[in-house]
Every structure is written in C-alpha cells, then in structure tokens.
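One-letter residues, chain by chain:
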Amino acid sequence: MASVRNAVRHRILLGVTVFSATDETLMRQALDLASAAAEAGDVPIGSVLARGEEVLGAAGNEREQSGDPTAHAEILALRQASVTLGGWRLPDTTLYVTLEPCAMCAGAIALARVPRLVFATADPKAGAVGGVMNLYAEGMTNHTPAVESGLLQVEAAAMLSGFFAERRGE
Ligand SMILES: [Zn+2]
C-alpha cells in the first residue's frame, strides 16, 4: 500500500499524471466557462463538478458580474452540486478548475468532502494547494482530496495571461 502511494506521489511530482478522456472533456468545459467569464469582464476561471461523466455543477467566475467576493467558479459549482445532490456532502465527485484554488475554495472543497481535485494551472500568487500555501498538507484539514494538476495547463495559462495583457493594454 505504501509503495502504491509513493508511486502515485512520484508520478505527480514528475508532472506526468495520466488523465482520462472524461477528465479532458470536463476540463474543456471548465475552459469554456472561463472564456465566457472573460467575455463578461471577469477573470477567466471556470469549474465543473462531476460524478464520473455526470456534471452536477458548472460555473465561471462571477465576482465582477455579481459584485460578490465569494462568487468564485468553484464555490458556485459546489453550491449547484449540493442542490443537485440534496446535501452538503459530495462523495464520489471530482472538481475540475482551470486555476489552482484559493484558500476559500480549497477550504470549501475539503468541507464538501470532494475526494478529487484536478486543476489546470498553478497560481503562484494565491494558490492554496501548493502555490503560496498548502491547505491540504498533513494535519491541516480533516478531509483532504487527492490533487492532480497540469491537465490543459497551457490553454488555461494562455487564457489568463491573454486576459491580463488585454486589460493592461486598455
Ligand atoms: Zn477561490
């Protein structure tokens, strides 16, 4: 068992986690939601919460549109999924998000007992899953999801840098 865990950790460290076709499809949906958020003037971040292939929640960042500091894509997707499943526990799910979650979202993901988190690109400024801190470090949170990253990383990073470059040009 320990060797299996070490092998998994090793694979993630090397950045060669193998993702399924479903993973890629759902992350593409998250990227589409990120793109729609940018069209509406929000930082392009999108999130999909799924159980297998079944989408339970999906949202883009709506902070600017709603004027709500907590309207991050992950929070909105978690809320939808809770309504869909009729409770706050979200077992057997995966949360896909285009950018590494912040402290609020990483906390909410743990509270919802989401067992798996997949993010596309790291956030060295506000990421709470290794970027600036790791909320899932041993002993920090009760229920820590398995974390995988790097799926469609290039696309997600390009969308963000394009958005900020355009903003600076305005
Ligand atoms: Zn967040």
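Report on the accompanying structure. (Residues numbered from 1 in each chain as written. Predicted model: local features only at pLDDT ≥ 70, side-chain atom pairs only at ≥ 80, totals over all residues.)

### Observations concerning the overall build of the chain
Stage number 1. The helix and strand tally for the chain stands at six helices and five strands.
Stage number 2. Of the regular secondary structure in the chain, the N- to C-terminal order runs α-α-β-β-α-α-β-α-β-β-α.
Stage number 3. On C-alpha atoms alone, the chain measures out to a radius of gyration of 15 Å, which is about the 15 Å that the 2.2 N^0.38 rule sets for 170 residues.
Stage number 4. Considering the chain as a whole, with its 170 residues, one finds that 36% of them fall into the buried category.
Stage number 5. The contacts of the chain with a sequence gap of at least 6 include a subset with a gap of at least 24, amounting to 57%. (Helix = DSSP H or I, 4+ residues; strand = E, 2+ residues; numbered from the N terminus. Rg over C-alpha atoms; globule rule 2.2 N^0.38 Å. Buried ≥ 20, exposed ≤ 12 C-beta atoms within 10 Å, placed from the backbone. Contact = placed C-beta atoms within 7 Å.)

### Brief notes about the sheet that holds strand S1 (residues 46–51)
Stage number 1. Read from one edge of the open sheet, five strands run S2-S1-S3-S4-S5, paired in mixed fashion. Two strands bound the open sheet, and with one partner strand each, they are strand S2 (54–60) and strand S5 (146–149). The mean inter-strand angle of the sheet, taken between neighbouring strand axes irrespective of direction, is 15°.
Stage number 2. Of the pairings in the sheet, the one linking strand S3 (residues 94–99) to strand S4 (residues 116–121) comprises five bridges and is parallel in character. Counterpart to Leu 99 in the pairing with S4 is Thr 121.
Stage number 3. Set on the sheet, helix H4 (residues 73–85) makes contact with S1, S2 and S3; between it and S2 the angle comes to about 145°.
Stage number 4. Sitting on the sheet, helix H6 (residues 153–169) is in contact with S3 and S4, with an inclination near 60° to S4. (Pairing = 2+ DSSP bridges. Axes fitted to C-alpha atoms, helices over the stretch in contact; angles between N-to-C directions.)

### What about the pairing of S3?
Stage number 1. S3 sits mainly inside the fold: six of its six residues count as buried.
Stage number 2. Direction of pairing for S1 relative to S3: antiparallel, over a ladder of four bridges. Note on S3: the bridge partner recorded for Ala 50 is Thr 94.
Stage number 3. For the crossover from S3 across helix H5 (residues 103–111) to S4, the handedness is right-handed. (Right-handed = clockwise from strand over helix to strand, strands pointing away.)

### Observations regarding unusual backbone geometry
Stage number 1. With a phi angle near 60°, Arg 113 is a residue other than glycine that sits in the positive phi range.
Stage number 2. Tracing the chain through its elements places Arg 113 in the loop between H5 and S4.
Stage number 3. For Arg 113, a count of 16 C-beta atoms within 10 Å translates into the label partly exposed.

### Notes on H5
Stage number 1. Turning to H5, its buried residues are Cys 105, Ala 106, Ala 108 and Ile 109. Take H5 and look down its axis: the buried residues cluster within an arc of 160°, on one side only.
Stage number 2. On the buried face of H5, the contacting elements are H4, S3 and S4.
Stage number 3. Phi turns positive one or two residues past the end of H5, at Arg 113, with a value near 60°. (Arc of directions from axis to C-beta.)

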